[in-house]
Amino acid sequence: MQPRVRSALLALAIMFVLVSTAYLAAGALHDRLAPEAEEPVANVRLVAVAIGGLGGEEERSHLPPTLNVGGEYDIGIWVQGLRSEGGVRTMFSMECEGIDKGDVDVYYYDPGSGSWKPVAMVDRGDSLRGVVGPPNGVAVYYGYDQLYRLLIVSHIDGKCTPDAWVEGG
């Protein structure tokens, strides 16, 4: 083999080793710097609940897709813990075109006091959202199981979409 061909092959081999090493090093650096994707703190679902007798309330119908002025409805938020975390807040929202802060009143049943407590709803444009339960959240752990019972009083007519999730930790 000629010296020029040998030099060219050697240069290609060195370049391949350098590029491969840089690629592997960049991947290792990314894995160390990028946060690990964590599983969610909890599973959250909206469920039908019965509130009859709780805090003196009579039974209400489950929250329908379309609200009526003066309608009183109930809905539950079921939270199941998947990992341990402190300061987890359960959030609830009502999304409806043109909804304002005074259009719905939301209350959650506090079994500790045996009473209904208001959920402070914050206007976010076409949705209202608020923290259900303690404003600073609660400690959630694997196996945590909590059902929040909500009472919703409508002051509007319209189609609204409820949602629930957890934040913080």
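Use the structure listed above.
Residues numbered from 1 in each chain as written. Predicted model: local features only at pLDDT ≥ 70, side-chain atom pairs only at ≥ 80, totals over all residues. Heavy atoms only, no water.

Draft legend 1. View of the overall build of the chain. A count of helical and extended segments in the chain gives one helix and 13 strands. A globule of 169 residues ought to have a C-alpha radius of gyration of about 15 Å, yet the chain, at 27 Å, is considerably larger. Dimensions of the chain along its principal axes, counting C-alpha atoms only, are 95 × 35 × 25 Å. At a minimum sequence separation of 6, the contacts of the chain that also span at least 24 residues come to 78%. Here the chain displays about 10,400 Å² of accessible surface, and carbon together with sulfur accounts for 56% of that area. (Helix = DSSP H or I, 4+ residues; strand = E, 2+ residues; numbered from the N terminus. Rg over C-alpha atoms; globule rule 2.2 N^0.38 Å. Contact = heavy atoms within 4.5 Å. Areas by Shrake-Rupley, 256 points an atom, 1.4 Å probe, with all protein chains shown as cover.)

Draft legend 2. Structural context of the nonpolar core. Core analysis: the largest hydrophobic core is formed by 29 residues, its most contacted members being Ile 77, Phe 92, Val 106, Val 132 and Leu 150. Counting residues per element, the ones that place at least two in this core are strand 4 (72–81), strand 5 (85–95), strand 6 (104–110), strand 9 (127–132), strand 11 (145–154) and strand 13 (161–168). With four residues, the top contributor of residues to this core is strand 4. Leave out the neighbours within four places in its chain, and Val 106 touches Phe 92, Lys 117, Pro 118, Val 119, Met 121, Leu 150, Leu 151 and Ile 152. With six residues, the next largest nonpolar core counts Val 49, Ile 51, Trp 116 and Leu 151 among its residues. (Core = buried A, V, L, I, M, F, W, Y, C linked by side-chain atoms within 4.5 Å. Buried < 20%, exposed > 50% of the residue type's maximum accessible area, 1.4 Å probe, protein only.)

Draft legend 3. How the structure looks around the side chain of Asp 74. Inspection of the secondary structure assignment puts Asp 74 in strand 4. Despite its burial, Asp 74 remains without a salt bridge, the nearest opposite charge being carried by Arg 60 at 7.1 Å. With sequence-adjacent residues up to four places away left out, Asp 74 is seen in contact with Val 49, Ala 50, Ile 51, Glu 59, Arg 60, Ser 61, His 62, Leu 63 and Leu 150. (Lys, Arg positive; Asp, Glu negative; His and termini not counted. Salt bridge = Lys/Arg side-chain N within 4 Å of Asp/Glu carboxyl O.)

Draft legend 4. Representation of the packing of aromatic side chains within the structure. Counted according to the given criterion, the structure contains two aromatic pairs. Arranged with centres 5.6 Å apart and planes meeting at 90°, the rings of Tyr 141 and Tyr 144 form a pair that is edge-to-face. Owing to a relative accessible area of 45%, Tyr 141 belongs among the partly exposed residues under this scheme. A relative accessible area of 10% means that Tyr 144 is categorised as buried. (Phe/Tyr/Trp six-rings, centres within 6.5 Å; stacked < 30°, edge-to-face > 60°.)

Draft legend 5. Representation of the pattern of salt bridges in the model. Per the counting criterion, the structure on display carries four salt bridges. With its nearest N and O atoms 3.3 Å apart, the salt bridge here joins Asp 110 to Lys 117. Under the relative-accessibility criterion, Asp 110 is labelled buried at 19%.

Draft legend 6. Looking closely at the environment of Pro 135. Locating Pro 135 in the fold gives a position in the loop between strand 9 and strand 10 (138–140). Looking at Pro 135, the relative accessible area reads 62%, which means it is exposed. Separated by 84 residues in the primary sequence, Pro 135 and Ile 51 have C-alpha atoms spaced 23 Å apart.

Don't take any of this as a statement about function, it's just geometry.
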